[in-house]
Amino acid sequence: MSYPDGACGPPQEAAGAPVRRLLGVPRQRRRPAANRVSGGAAGERAAAGRATGRAAGRAARRAAREAAKQATAQATGAAKAQAAGTLAFVESPVQLLNVLEWAHGEQAAALTVVVLAPHDPMTRGQLRRMAELAREEGFSVRWEEARDGAAAPLRTIGGLTRRLRRAGRVVIGDPFSRYVQLLLTLTRARDLIVVDDGTATMEFITQLANGERLVRWHRHGGGRGPRDLAFAPFAAAARRRLGPAPEGGRRTVGLFTSMPVEPPPGIRVLSNEFAWTRRRFGPPRLTRGTDIVGTSLVETGVIDPDRYLEAVHALARTHGATRYFAHRRESAGKLHRLAAETGLEIVRPDLPLELIARRGPIGRQVLSFPSTVVHTLPLALAGTGVGVAVCDIDPAWLTSKASPRAEGFLSGVTGTARGVRRLPTGPCDDVQGGAHRTGLAAHGAADRPQPSGTPVSGKKRNQS
């Protein structure tokens, strides 16, 4: 190929003429000389920065994916638990009441309540009434005669094993119960809920946080007899299941309580405000009198019976009380002695006191010794104008069989109660050692009145 000037190559550009860009070749930008000199190091730094940014972006995206995956897994687990149903185990009326409160707050569906029936007739009666309320709320109730003979435990556990395996969530009312501890070793549920069993919840949380064995506060001694040693592996397994799940684990543990507790990390706390009780019952009609709430501290061997009767008599005389609401475990003999020697009308409730008080009639002032009701009644009776007061337990009232922990535990129950008035032990002690004490001791079993139903005869009912 020849060119006009006879050269063998493309025509040369004249000096100063603009450089023509060849078709199809992109324009190249020329960097300043300074950049050309130091461009190597700067480029490496820029490249390193870009690589770091890309790595950080990838890490952030991975973290977001993992968080989304975990949230999805939790939501799926909760949905499966709800679909699989909830199984609740109760052994007392208060436990069943708190299961109903929990179900109301959580809007729980597919709930089956299993009643592990005790022997005590008063407890059984209240449990049957509470079971009726549970059925009225649309829940299924299964009554198990779990203590009816030597073969009853095997029969009960055998009949519940399949349900335990299928349940997505298990609710328990008494973590100290050997029955419950044994059942916990059989369940695969990933969601465990503990509801209040009265002030025992406070001791349960303390022992759980300290890694101690689960032992009821009023038990004297170490509880290391042959039966305790034989059951120890099951108790240890239940304690592990009730404790916080390991980090990253899918098991959850919740506590539904009205008690002032500080659970260990990893346990979710739900507050029990007795919303279901307030919606279902009341407001109550108030009387002009004062009511006393009884306790089973004599029956559990914590308080001397004569000292207890003296204290009740002093409270009734000082505050003008006329009615005594008996605890479901108080013995008939003690109650009839109270009625005869104090003149109080003894009432044996057919439901937990929180429901009885909310239903009314109830005194404008309620007096109690350290017990569950000093924590629950102010919540159940909120807005009604009823005042709750608590009388401390004098250490002199304790028996030689009382647990060494009894004094501190009872003082803690009183000291942590909210919304109650604290009474000194003085008014309760003013009859100790006096003529009234001599009179109480003089009464024999033959002089005590026979059972007369509910309420037991005493003073006239409060006049409204």
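Just so we're clear, the structure is a prediction, and the values are computed from it rather than from any experiment. (Residues numbered from 1 in each chain as written. Predicted model: local features only at pLDDT ≥ 70, side-chain atom pairs only at ≥ 80, totals over all residues. Heavy atoms only, no water.)

A. Highlighting the packing of helix H9 (residues 305-319) against helix H10 (residues 332-342). The contact between H9 and H10 brings their axes to 11 Å, and the two run at 45°. Accordingly, the angle class assigned to the pair H9 and H10 is oblique. Here the hand of the crossing between H9 and H10 comes out right-handed. Residue-level contacts link Asp306, Tyr308, Leu309, Val312 and His313 of H9 to Lys334, Arg337, Leu338, Glu341 and Thr342 of H10. Across the contact of H9 with H10, the residue classes break down as 4 nonpolar, 2 polar and 4 charged. (Axes fitted to C-alpha atoms, helices over the stretch in contact; angles between N-to-C directions. Helix = DSSP H or I, 4+ residues; strand = E, 2+ residues; numbered from the N terminus. Parallel < 35°, antiparallel > 145°, perpendicular 65-115°, else oblique. Left-handed = near helix turned anticlockwise from the far one by under 90°. Contact = heavy atoms within 4.5 Å. Nonpolar A, V, L, I, M, F, W, Y, C, P; charged D, E, K, R; others polar.)

B. Representation of the packing of aromatic side chains within the structure. The final tally for this structure, using the stated rule, is 4 aromatic pairs. Measuring from centroid to centroid gives 5.3 Å for Tyr308 and Phe369, while their planes differ by 45°, and the two rings are tilted. Of the two residues, Tyr308 is situated in helix H9 and Phe369 in the loop between strand E11 (362-368) and helix H12 (373-380); the sequence distance between them amounts to 61 residues. Clustering of aromatic rings is evident, with ring pairs tying together Tyr308, Phe369 and Trp397. (Phe/Tyr/Trp six-rings, centres within 6.5 Å; stacked < 30°, edge-to-face > 60°.)

C. Up close: the packing of helix H2 (residues 93-106) against helix H3 (residues 121-136). Running from amino to carboxyl end, H2 crosses H3 at an angle of 15°, the nearest separation of the two axes being 9 Å. On the basis of the axis angle, H2 is roughly parallel to H3. Between H2 and H3 lies a crossing of left-handed hand. Across from Pro93, Leu96, Leu97 and Leu100 in H2, the residues of H3 making contact are Thr123, Gln126, Leu127, Met130, Ala131, Leu133 and Ala134.

D. Spotlight on the sheet that holds strand E9 (residues 321-325). Across the sheet, which stays open at both edges, the 6 strands sit in the order E10-E9-E8-E11-E12-E13 with parallel pairing between neighbours. Across the chains shown, the open sheet's two edge strands, defined by having one partner strand only, are strand E10 (345-347) and strand E13 (421-423). Direction aside, the axes of adjacent strands within the sheet are offset by 30° on average. (Pairing = 2+ DSSP bridges.)

E. Quick look at the pattern of salt bridges. This model, assessed by the stated rule, comprises 17 salt bridges. Taking the shortest distance from any N to any O, the salt bridge between Arg337 and Asp306 comes out at 2.8 Å. Separated by 31 residues along the polypeptide, Arg337 in helix H10 and Asp306 in helix H9 bring together distant segments of the chain. Overall, Asp306 belongs to the partly exposed group, its relative accessible area being 28%. (Salt bridge = Lys/Arg side-chain N within 4 Å of Asp/Glu carboxyl O. Buried < 20%, exposed > 50% of the residue type's maximum accessible area, 1.4 Å probe, protein only.)

F. Expanded view of H10. Of all 11 residues that make up H10, 8 are buried, and the element is covered over most of its length. Note on H10: the residue one or two positions beyond its end, Gly343, has a positive phi of about 80°.

G. Representation of the pairing of E9 in the model. When you tally the buried positions in E9, you get 5 out of 5 residues, the bulk of the element. Taken together, the 4 bridges between strand E8 (residues 286-293) and E9 define a ladder with parallel strand orientation. Opposite Thr290, over in E9, you have Ala321 as the bridge partner. As for the winding sense of the linkage, the β-α-β connection from E8 through H9 to E9 is right-handed. With 3 bridges connecting them, E9 and E10 associate as parallel partners. Residue Arg323 lies in a different strand from E10, and its bridge partner there is Glu345. (Right-handed = clockwise from strand over helix to strand, strands pointing away.)

H. Highlighting the pairing of strand E6 (residues 252-257). The buried fraction of E6 amounts to 5 of the 6 residues, a majority that puts the element mostly inside the structure. Bridge count between strand E5 (residues 191-195) and E6: 5 bridges; the pairing is parallel. Its bridge partner lying in E6, Val195 is registered against Phe256. Judged from the 5 bridges that link them, E6 and strand E7 (residues 267-271) form a sheet pairing that is parallel.

I. Structural view of the sheet that holds E7. One open sheet accounts for 7 strands, arranged E3-E2-E1-E4-E5-E6-E7; its pairing is parallel. The sheet terminates laterally at strand E3 (140-144) and E7, the two strands that pair on one side only. Averaged over all pairs of adjacent strands, the angle between strand axes in this sheet comes to 20°, irrespective of strand direction. Here strand E2 (residues 111-116) runs beside E3; their pairing, made up of 5 bridges, is parallel. Residue pairing for E3: Val113 is matched across the bridge by Val141.

J. Region of the structure containing unusual backbone geometry. Each neighbour pair has its own omega, and for Gly282 with Pro283 the value is 5°, a cis peptide bond. By secondary structure assignment, the location of Pro283 is in the loop between helix H8 (275-280) and E8. With an omega dihedral of 0°, the bond running from Gly360 to Pro361 counts as a cis peptide bond. Examined against the element boundaries, Pro361 turns out to sit in the loop between helix H11 (353-359) and E11. A positive phi angle is found at Gln107, which is not glycine, with a value near 50°. Along the chain, Gln107 falls in the loop between H2 and E2. Residue Phe274 is not a glycine yet carries a positive backbone phi of 60°. Considering the arrangement of structural elements, one finds Phe274 in the loop between E7 and H8. In this structure Phe274 comes out as buried when scored by relative accessible area, which is 1%.

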